[in-house]
Amino acid sequence: MEVRKAASTDVESMQQLIQQFADVGLMLPRTIKSLCEHLQCFTVAVEDGQVIGVAGLHVLWKDLAEIRSLAVAPHVHGKGVGRKVVEHLIREAEHLGIPQVLSLTYQTGFFEKLNFHVIRKESLPHKVWKDCIYCKKFYHCDEVAMVYYTQHYEAFQAFKEAR
């Protein structure tokens, strides 16, 4: 299995994979147009030429990025595909100097194993909710907010306190 940045040739497969989970209310759908416009944000896991995992890293602000649209093909659930994609995105956030990586999720056990911590949704900045208005569950959101603190977190906190 190879984990790499998404390419334009992956878009249709990415959209189909995401749509499987959007159809059952586990994530927001993504259109082909949206995936193309944000292609540089996405990472895929590929095996035998097939996209078997996908997720995007959306930078929200200088101190916060969000993992979005994490989807893994059902036939490879539990085989480490999601873990490898998320770890790739965490390394990308660290490379960008971003101290916190957010996930709004139903899969808390999965993210806990990757050292994400549950936080209060109310503590998140309003910009996080920009895409939520398109969700059927907007007024009764039941996702859990979880954050991973990268290697840059302590330095960022010290910088904020020194100001």
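Notes on the structure follow.

Calculation rules
- Residues numbered from 1 in each chain as written.
- Predicted model: local features only at pLDDT ≥ 70, side-chain atom pairs only at ≥ 80, totals over all residues.
- Heavy atoms only, no water.
- Helix = DSSP H or I, 4+ residues; strand = E, 2+ residues; numbered from the N terminus.
- Buried < 20%, exposed > 50% of the residue type's maximum accessible area, 1.4 Å probe, protein only.
- Contact = heavy atoms within 4.5 Å.
- Phe/Tyr/Trp six-rings, centres within 6.5 Å; stacked < 30°, edge-to-face > 60°.
- Core = buried A, V, L, I, M, F, W, Y, C linked by side-chain atoms within 4.5 Å.
- Salt bridge = Lys/Arg side-chain N within 4 Å of Asp/Glu carboxyl O.
- Pairing = 2+ DSSP bridges.

Observations regarding the overall build of the chain
And then number 1: Looking only at helices and strands, the chain has 5 helices and 7 strands in total.
And then number 2: Classification of the 163 residues of the chain by burial places 45% in the buried group.
And then number 3: Partitioning the intrachain contacts of the chain with sequence separation of at least 6 by distance along the chain shows that 71% fall at a separation of at least 24.

Re the environment of Phe111
And then number 1: Examined against the element boundaries, Phe111 turns out to sit in helix α4 (residues 108–113).
And then number 2: In the structure, Phe111 is positioned 28 residues away from Arg83 in sequence and 8.7 Å away in space, judged by C-alpha atoms.
And then number 3: Setting aside residues no more than four positions away along its own chain, Phe111 makes contact with Leu70, Val86, Ser103, Thr105, Phe116 and Met146.

Side note on the packing of aromatic side chains
And then number 1: All chains considered together, the criterion is met by 3 aromatic pairs.
And then number 2: Plain terms: the ring middles of Phe110 and Phe111 are 4.9 Å apart, the flat faces sit at 85° to each other, and that makes the pair edge-to-face.
And then number 3: On the basis of relative accessible area, Phe111 is assigned to the buried category, the value being 2%.
And then number 4: Among the aromatic residues, those joined into a ring-pair cluster are Phe110, Phe111, Phe116 and Tyr148.

With respect to the nonpolar core
And then number 1: Among the nonpolar cores identified, the biggest contains 39 residues, and Met14, Val54, Ile67 and Phe116 are the most heavily contacted of them.
And then number 2: Contributing elements (two or more residues each) for this core: α1 (11–22), β2 (42–47), β3 (50–61), β4 (64–72), α3 (81–96) and β7 (144–149).
And then number 3: Met14 has contacts with Ala6, Leu35, Leu39, Phe42, Val44, Val51 and Val54, leaving out every residue within four places of it along the chain.
And then number 4: Listed in part, the 6 residues of the second largest apolar core include Leu60, Leu64, Leu102 and Val147.

A closer look at the pattern of salt bridges
And then number 1: All told, the structure shown has 6 salt bridges when counted by the stated rule.
And then number 2: Asp10 is the partner of Arg4 in a salt bridge, and the nearest nitrogen-oxygen pair spans 2.7 Å.
And then number 3: For Arg4, a relative accessible area of 23% gives the class partly exposed.
And then number 4: Since its relative accessible area comes to 6%, Asp10 is described here as buried.
And then number 5: One salt bridge in this structure joins Lys5 and Glu92, with 3.3 Å as the shortest N-O distance. Residue Lys5 is located in strand β1 (residues 2–5), and its partner Glu92 is located in helix α3; the two are separated by 87 residues in the primary sequence.

Re the pairing of β7
And then number 1: With 6 bridges connecting them, strand β5 (residues 100–105) and β7 associate as antiparallel partners. Each bridged residue has a counterpart across the sheet, and for Thr105 the counterpart in β7 is Val144.
And then number 2: Bridge count between strand β6 (residues 117–119) and β7: 3 bridges; the pairing is antiparallel. Bridged to Ile119 within β7 is Ala145.

Focus on unusual backbone geometry
Backbone geometry follows two general trends: most residues other than glycine have a negative phi, and most peptide bonds adopt the trans configuration.
And then number 1: The phi angle at Asp48 is positive, at roughly 50°, despite the residue not being glycine.
And then number 2: In this fold, Asp48 is placed in the loop between β2 and β3.
And then number 3: Look at Asp48 and you get exposed, because its relative accessible area is 74%.
And then number 4: Its identity is not glycine, yet Asn115 carries a phi of approximately 70°, on the positive side.
And then number 5: Inspection of the secondary structure assignment puts Asn115 in the loop between α4 and β6.

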